[in-house]
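The residues making up each chain are set out below.
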Amino acid sequence: MSENNTPQFSFRFRGSTFDNMVETLGGAFGAFDAAPVGRAENFRWGLDISASNSAVMLTGFHEAEFQFNIEPTVDTAEYLSFVVPRSGGMAVTYGDRIAEAGQGKLLLYNNFEPDSVIMHGQSNVIDELLINWSVILQTIGQTFEIPFSGSLDLLPELDLSTPVGQTIGNLTETIMSGMRDDGPLLQSPIAMAHMTQALADLVVRLLPHKLSHFLETGPALIAPRHVRKAIEFMHANIDQPITMPKVAEAAGVSSRALETGFRAFRGTSPAVYLLTLRLRAARQDLLNPESKETMKAICLKWGFFHFGRFSAVYKSTYGEYPSDTRKRVGQR
């Protein structure tokens, strides 16, 4: 690719000055602060965006190196980014650590975590797939059966020559190809949801992160009978005002033995496990486009008597407020 020619993309956003790029991207992504590396004269740039409910695809071009950071605001969406450089490269910094995408290497990062981002090379072209963080959190909940918040500490660099890298890289490329230029995936929300869910599942199951040790030990551990009886009792009475002593009584053990069993074989407490079941049930109701129940009715139905607390726990588990879930379903 010639360094003096803009690549042949039909960018929806484009400009010829660095300040114009900062102004445009700031409006789109929040508090955006950037500075060129060296001189930024005759700076040309372009950006194309394709979006669905579960993912956004960006294709960006710029002529010179620059560094930026985006300070999340209350309106900033959280996502997991898959960066695929076509020309040049991109790096993110976390304090004194740096992770970089380049030839044969894909970069993953949560947009709320890096201190700064560096765009490398002349005539840089980057494809970036952004998966809603709520999809990642939902996958974590289904896989580990525990609520989760905070940093997942994902492996940020992925070698595309490895079997895992090829699998994740190929699915990433397939999704981006289906979204580019108003592609067919944007016309099929169900297919899009399945593919982004599959990508999230590959990331959670195949890449090293904070919860990986549960995958390494979990399948080999068969929960004892009293833990399985407690889980069966929880499922059967999920809509009842049950307490942990009642669960322990149904399982035939003491509350202390129940707590020990759940922490050893489910990696969480029985109370948190029950909370996860109820959250999942409430979410299924919120995701049901045929449901006419009010938010209050759904909360009471699944044992949440304080809507503010329910909303906060739901947000930390699924990455969005319950009202956002219902609104998103209503837009389909």
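Check the entry above for the structure.
So, here's what we can say about the structure. (Residues numbered from 1 in each chain as written. Predicted model: local features only at pLDDT ≥ 70, side-chain atom pairs only at ≥ 80, totals over all residues. Heavy atoms only, no water.)

### As for the side chain of E63
Part 1 of the argument: Among the structural elements, E63 can be located in the loop between β4 (55-62) and β5 (66-71).
Part 2 of the argument: Polar side-chain contacts of E63 include one of 2.7 Å to the side chain of R44.
Part 3 of the argument: Dropping the residues within four chain positions of it, E63 is found in contact with N42, F43, R44, G121, Q122 and S123. (Helix = DSSP H or I, 4+ residues; strand = E, 2+ residues; numbered from the N terminus. Polar contact = N/O pair within 3.5 Å; in protein donor to acceptor, adjacent residues only side chain to side chain. Contact = heavy atoms within 4.5 Å.)

### Regarding the pattern of salt bridges
Two side chains that carry opposite charge are able to pair once their charged atoms sit near each other.
Part 1 of the argument: Taken as a whole and assessed by the stated rule, the structure comprises 12 salt bridges.
Part 2 of the argument: A salt bridge links R205 to D201; its shortest N-O distance comes to 3.1 Å. Placement of both R205 and D201 in helix α4 (residues 189-206) is noted, with a separation of 4 residues, approximately one turn of the helix.
Part 3 of the argument: The exposure class assigned to R205 is partly exposed, which follows from its relative accessible area of 45%.
Part 4 of the argument: Residue classification places D201 among the partly exposed positions, given a relative accessible area of 27%.
Part 5 of the argument: K301 serves as the salt-bridge partner of D285, at 3.0 Å between the closest nitrogen and oxygen. One end of the pair, D285, is in helix α9 (residues 270-286); the other, K301, is in helix α10 (residues 295-301), with 16 residues separating them in the sequence.
Part 6 of the argument: A relative accessible area of 32% places K301 in the partly exposed class.
Part 7 of the argument: Several salt bridges converge on common partners, so that one network encompasses R86, D127, E173 and R180. (Salt bridge = Lys/Arg side-chain N within 4 Å of Asp/Glu carboxyl O. Buried < 20%, exposed > 50% of the residue type's maximum accessible area, 1.4 Å probe, protein only.)

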